[in-house]
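# Understanding the architecture of this molecule
Spelled out, the chains give:
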Amino acid sequence: MNQAKGPRSGLIVRTMRIWSGLFLLIFVTSHLLNLSLGVFSLEAMDAARPYLSEIWASPMLGPLLLSALVIHFFLGLWAIYRRPTLRTNPQDLVQLLSGVIVVPLLATHAIGVASLKINGVTFDYAAATRFFWLAQPQIGLLQVVLLSVVWVHGCAGLFTWLRSKESMRNMLGWIYPIAVAVPVLALLGFAEAGRGVLVDAQAAQRASTQAYSAPTVTAEAPRPAAPAVQRVAYQTVKTATSQVIWWSLALAALTFVARSVKIALQPTQVVLLKHGDAQPITTQSNLSILDSFRQNHQPHASLCEGRGRCGTCAVRIVSSEFPLPEPTALEMKTLRRIGAAEDVRLACQLTPSGGFLEVDPLYPADYSFKDKDFEKPELVSNPAEVPA
């Protein structure tokens, strides 16, 4: 098989996006596990805090976390900018759109914690729960949104990544229940901790009312107002949260606008694409073969949702009017791994330049690695063609 002549940037971007996403998912999972301990008590949450939450503020993990946030966010915007079409399946679309806001929401959490530490404010789970349920309930609601969006985005990416690996197919049955249980327990812990704070606040308010109406009766003194430094720190958190969200959404909006302008100005050629026994379809040269199938509602296998990982979108090139572009390093890596012949390409990575192109799909459209009865196609016509 020929050496890849395209840039290796696609392979580098894919690797960085996978590992930065996994790092952020571990960060979120540890916080959710810490939050789930609220079903027992605030004391249990704070006892586990040094091992599940505070560790991310360490001199080593703190900069790594910030780097992963920035890298994953901008790589997500870059992926949106490069997409020739947004027509895809619902799971991929949810992951794409949630990725626009997931990192800004995570950034607000990191900025909030950092701001409080800079101002010398102790922010254990007791203080955090009072802040989210009493002082700033709108930010508390934002944390619930954060939980939902981040977890959906992270799990969608993780499942897509694992589903594209044949060796991981048996693990998904174990991971699905965990993916449901972790956020549910975290929400229960957050709600139970908030309920306890609200009960204490109501009790303190009743005691304060009784003390005011009957001064001679001994009652618990009302809590003093928050110190000035604490009020300043809370205001800093609120301001930083708003700024990060709005600036991030503005960057996302500019990305969509830039993508639209790029597509409008990009010259294209007409491609007549024949897909197996189906009728030929007319498409454009700025679309990959897989995108052309999707846009014309022709099903085609792709367990990794067009990310060039699984190889199940592979097609055999029957004929092509124009020369096809050489595979990039990203495509070549997968083609080598599956031992593909010279006439086999990945539909998600191949973008024809125009003219008539006939391809033969190697996998059924509904193929899954769980299909044990399916006899895999011979990707290599001659064993001698397998690259070393």
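Scroll up for the structure.
Keep in mind the model is a prediction, meaning the values are calculated, not measured. (Residues numbered from 1 in each chain as written. Predicted model: local features only at pLDDT ≥ 70, side-chain atom pairs only at ≥ 80, totals over all residues. Heavy atoms only, no water.)

## Observations regarding a nonpolar patch on the surface
A cluster of nonpolar side chains, namely Val39, Phe40, Val180, Val184, Leu185 and Leu188, defines an oily patch on the protein surface of about 570 Å² accessible area. Following the sequence through the fold, leucine 188 ends up in helix 7 (residues 172-213). We classify leucine 188 as partly exposed; its relative accessible area is 47%. (Patch = residues over 30% accessible without salt bridge, like charges linked within 9 Å, V, L, I, M, F, W, Y side chains within 5 Å. Areas by Shrake-Rupley, 256 points an atom, 1.4 Å probe, with all protein chains shown as cover. Salt bridge = Lys/Arg side-chain N within 4 Å of Asp/Glu carboxyl O. Helix = DSSP H or I, 4+ residues; strand = E, 2+ residues; numbered from the N terminus. Buried < 20%, exposed > 50% of the residue type's maximum accessible area, 1.4 Å probe, protein only.)

## Overview of the pairing of strand 3 (residues 314-320)
As defined by bridge partners, strand 3 adjoins strand 4 (residues 344-346) across three bridges and the pair is classed as antiparallel. Bridge assignment links valine 315 to a residue of strand 4, and that residue is arginine 345. Taken together, the five bridges between strand 3 and strand 5 (residues 355-361) define a ladder with antiparallel strand orientation. Paired with serine 320 across the bridge in strand 5 is leucine 357. (Pairing = 2+ DSSP bridges.)

## With respect to the pairing of strand 2 (residues 281-284)
Of the two faces of strand 2, the one holding Ile281 and Thr283 is buried and the one holding Thr282 and Gln284 is not buried anywhere. Two elements, strand 1 (residues 270-275) and strand 2, share four bridges in a ladder whose sense is antiparallel. From the neighbouring strand, leucine 273 faces strand 2, where its bridge partner is isoleucine 281.

## Notes on the packing of aromatic side chains
Inspection of every chain in the model, using the stated rule, returns five aromatic pairs. Geometrically, the ring pair formed by phenylalanine 23 and tryptophan 56 is edge-to-face, given 5.4 Å between the ring centres and 80° between the ring planes. Residue phenylalanine 23 is located in helix 1 (residues 9-36), and its partner tryptophan 56 is located in the loop between helix 2 (42-52) and helix 3 (61-82); the two are separated by 33 residues in the primary sequence. When the centroid spacing of 5.4 Å and the interplanar angle of 40° are considered together, the rings of tryptophan 133 and phenylalanine 190 count as tilted. Taken as a pair, tryptophan 133 in helix 5 (residues 125-135) and phenylalanine 190 in helix 7 lie far apart in primary sequence, 57 residues in all. With relative accessibility at 28%, the residue tryptophan 133 sits in the partly exposed group. What makes phenylalanine 190 buried here is its relative accessible area of 13%. The positively charged end of lysine 262 is found above the aromatic ring belonging to tyrosine 81, 4.7 Å away from the centroid. (Phe/Tyr/Trp six-rings, centres within 6.5 Å; stacked < 30°, edge-to-face > 60°. Lys NZ or Arg CZ within 6 Å of the ring centre and 35° of its normal.)

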